[in-house]
Amino acid sequence: MIQLLFLDIEMSGLNGIEALNILMQEKKIWRIAFVSSHTESIFDTFSIKTIGFIPKPIDEARIDKILNSMMDEFRENIVIEVQVGNSKEYISCEDIVYLKAEGSYTKIYVNVGNETKEYLSSKKLGEFEKMLDNKIFIRTHKSFIVNAEYVSEVKKDILLNKLNANIPVGRKYKKDFDDKLKDYRLMRIRRRL
């Protein structure tokens, strides 16, 4: 697995943005950093895999910051074990889109390429809430926890990237959710710039 891949926007044949779109589905590449003089394209490089943008000429301090950010994210990305039939599977927390309580069980919705895979765990939602980082995984309702990275829009419900799922926000959870989502987005911006 490649932990960190540096890409330029201007490359022969395939440009860096096109490469990013292809690599988004690639599990063997964990994070991507862009190095380019095309600072006008910085917003085109944003993705769940993009850890930063280094303008040319390259500054060694910016590379150090990218490496430190990548290491911080790597340490935060724990893996959870779920029972599937008679075998166990391991899920990277960054791939979890949301969790939903189903009685004494929890359904875990995981991003796999362009699809969402569903797992059923015998653990209760409250157990996952204690296990997962509450700066990233935010309780929105008595029956839902969402990964803040996948939140694309908040209206009456929460809309998630690449999913046709509307997640409710309970009145009791609304303020805490709004505050934590804002803090999460600011933390990601500070870490990646």
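Going by the structure above, here's the rest.
Since this is a predicted model, take the numbers as computed values, not measurements.

Colleague: Now, about the sheet that holds strand 11 (residues 151-154): what can you tell me, with residues and values included?
Modeller: If you trace the three strands from one edge of the open sheet to the other, you get 11-12-13, paired in antiparallel fashion. At either margin of the open sheet sits one strand with a lone partner, and together these are strand 11 and strand 13 (166-168). Neighbour-to-neighbour, the strand axes of this sheet turn through a mean angle of 30°, independent of strand direction. Bridging between strand 11 and strand 12 (residues 157-160) involves three bridges; their strand directions are antiparallel.

Colleague: So, the packing of aromatic side chains: which residues are in play, and what are the values?
Modeller: Tallied over the entire structure, the rule returns three aromatic pairs. Both rings, one in tyrosine 98 and one in tyrosine 109, keep their centres 4.3 Å apart while their planes meet at 10°; by these two values the pair is stacked. Of the two residues, tyrosine 98 is situated in strand 6 (residues 96-102) and tyrosine 109 in strand 7 (residues 105-112); the sequence distance between them amounts to 11 residues. The exposure classification of tyrosine 98 matches that of tyrosine 109, with both residues buried. Cluster of aromatic residues (ring-pair linked, three or more members): Tyr98, Tyr109 and Phe144. Here the guanidinium or amino end of lysine 123 rests over the ring plane of phenylalanine 128, the centre of that ring lying 5.9 Å away.

Colleague: Please set out the environment of arginine 188 residue by residue, giving values where relevant.
Modeller: Among the structural elements, arginine 188 can be located in helix 4 (residues 174-192). When the C-alpha atoms of arginine 188 and isoleucine 167 are compared, they prove to be 22 Å apart, with 21 residues separating the residues in sequence. Beyond its immediate stretch of four places on either side in the chain, arginine 188 contacts Ile48, Glu73 and Glu149.

Colleague: Just give me the short version of the sheet that holds strand 1 (residues 2-7), but keep the residues and values in it.
Modeller: Spatially, three strands are ordered 1-2-3 in an open sheet, and the strand pairing comes out parallel. Here the strands that pair on one side only, and so sit at the sheet edges, are strand 1 and strand 3 (50-55). The mean angle between the axes of side-by-side strands here comes to 20°, regardless of whether they run parallel or antiparallel. By the bridge criterion, five bridges tie strand 2 (residues 29-36) to strand 3 in an arrangement that is parallel. Within strand 3, the position partnered with alanine 33 by the bridge is glycine 52. Running at roughly 175° to strand 2, helix 1 (residues 16-23) makes contact with strand 1, strand 2 and strand 3 of the sheet.

Colleague: Before we move on, can you summarise the pattern of salt bridges with the specific residues and values?
Modeller: Applying the stated rule across the entire model yields 11 salt bridges. Arginine 139 is the salt-bridge partner of glutamate 129, the closest N and O atoms lying 2.5 Å from each other. With glutamate 129 in helix 3 (residues 125-131) and arginine 139 in strand 9 (residues 137-141), this residue pair connects regions lying 10 residues apart in the sequence. The partly exposed category is assigned to glutamate 129, whose relative accessible area is 37%.

Colleague: Give me the side chain of lysine 49: which residues, what numbers.
Modeller: For lysine 49, the position within the fold is in the loop between strand 2 and strand 3. There is no salt bridge for the buried lysine 49, and the closest opposite charge comes from glutamate 94, which lies 6.3 Å off by N-O distance.

Colleague: If you had to explain unusual backbone geometry to someone new, which residues and values would you point to?
Modeller: The omega torsion across lysine 56 and proline 57 is 0°, close enough to zero to call that bond cis. In this fold, proline 57 is placed in the loop between strand 3 and helix 2 (60-76).

Colleague: Lay out the side chain of threonine 50 in plain terms, naming residues and giving numbers.
Modeller: Inspection of the secondary structure puts threonine 50 in strand 3. Under the relative-accessibility criterion, threonine 50 is labelled buried at 4%. Here threonine 45 takes part through its backbone oxygen, which lies 2.5 Å from a polar atom of the side chain of threonine 50.

Definitions and cut-offs
Residues numbered from 1 in each chain as written. Predicted model: local features only at pLDDT ≥ 70, side-chain atom pairs only at ≥ 80, totals over all residues. Heavy atoms only, no water. Pairing = 2+ DSSP bridges. Helix = DSSP H or I, 4+ residues; strand = E, 2+ residues; numbered from the N terminus. Axes fitted to C-alpha atoms, helices over the stretch in contact; angles between N-to-C directions. Phe/Tyr/Trp six-rings, centres within 6.5 Å; stacked < 30°, edge-to-face > 60°. Buried < 20%, exposed > 50% of the residue type's maximum accessible area, 1.4 Å probe, protein only. Lys NZ or Arg CZ within 6 Å of the ring centre and 35° of its normal. Contact = heavy atoms within 4.5 Å. Salt bridge = Lys/Arg side-chain N within 4 Å of Asp/Glu carboxyl O. Lys, Arg positive; Asp, Glu negative; His and termini not counted. Polar contact = N/O pair within 3.5 Å; in protein donor to acceptor, adjacent residues only side chain to side chain.

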